[in-house]
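If you want the building blocks of each chain, they are given just below.
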Amino acid sequence: MTTNRKRISGRLEHLPRGAVIVTDAGDHWVLEDYEPSNEDFGFEVTAEGIVVGFDRLRVEWLGQVPA
């Protein structure tokens with residue numbers, strides 16, 4: 001069984017589609033199975049999980065990138 005695992009880094013934002021990581025390249029990744037608190041938005045984060053759609057990541061782990 002093959003899974004499509006991915007690690008993504010970028011800025012965590014709240015858009016109409018929900019919680020999204022915007023990468024430095026401008027890609028948008030919609031996060032599934034993750035409910036951030038309001039204090040998390042606007043920070044640089046890294047998320048790891050399984051790609052479940054063209055631009056969707058089912059989050060298994062997410063953490064802030066140290067400043």
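As shown above, the structure is provided for reference.
Described in the following lines is the structure provided in the data block.

Parameters at a glance
- Residues numbered from 1 in each chain as written.
- Predicted model: local features only at pLDDT ≥ 70, side-chain atom pairs only at ≥ 80, totals over all residues.
- Heavy atoms only, no water.
- Pairing = 2+ DSSP bridges.
- Helix = DSSP H or I, 4+ residues; strand = E, 2+ residues; numbered from the N terminus.
- Contact = heavy atoms within 4.5 Å.
- Buried < 20%, exposed > 50% of the residue type's maximum accessible area, 1.4 Å probe, protein only.
- Polar contact = N/O pair within 3.5 Å; in protein donor to acceptor, adjacent residues only side chain to side chain.

Re the pairing of strand E1 (residues 5–15)
So, step 1. Relative to strand E4 (residues 44–53), E1 is paired through seven bridges, and the arrangement is antiparallel. Note on E4: the bridge partner recorded for arginine 11 is glutamate 44.
So, step 2. Examined bridge by bridge, E1 and strand E2 (residues 18–22) share five bridges and lie antiparallel to one another. Following the sheet pairing, leucine 12 is matched in E2 by isoleucine 21.
So, step 3. Counting the residues in the hairpin turn of E1 and E2 gives two residues.

Details of the environment of proline 36
So, step 1. You can see proline 36 is positioned in the loop between strand E3 (28–32) and E4.
So, step 2. As a C-alpha pair, proline 36 and lysine 6 span 30 residues in sequence and 19 Å in three-dimensional space.
So, step 3. Not counting residues up to four positions away in its chain, the partners in contact with proline 36 are Leu12, Ala19 and Phe41.

Some thoughts on the side chain of threonine 46
So, step 1. Inspection of the secondary structure puts threonine 46 in strand E4.
So, step 2. When its relative accessible area of 14% is taken as the criterion, threonine 46 is described as buried.
So, step 3. Within the structure, threonine 46 has its side chain in polar contact with the side chain of serine 9 (distance 2.8 Å).
So, step 4. In this structure threonine 46 touches Arg7, Ile8, Ser9, Trp61, Leu62, Gly63 and Val65, once residues within four positions along its chain are discounted.

Looking at the pairing of E4
So, step 1. Both E4 and strand E5 (residues 56–64) contribute to a ladder of eight bridges, which runs antiparallel. In the strand pairing of E5, valine 45 is matched with glutamine 64.
So, step 2. A loop of two residues connects E4 with E5, the two strands running antiparallel in sequence.

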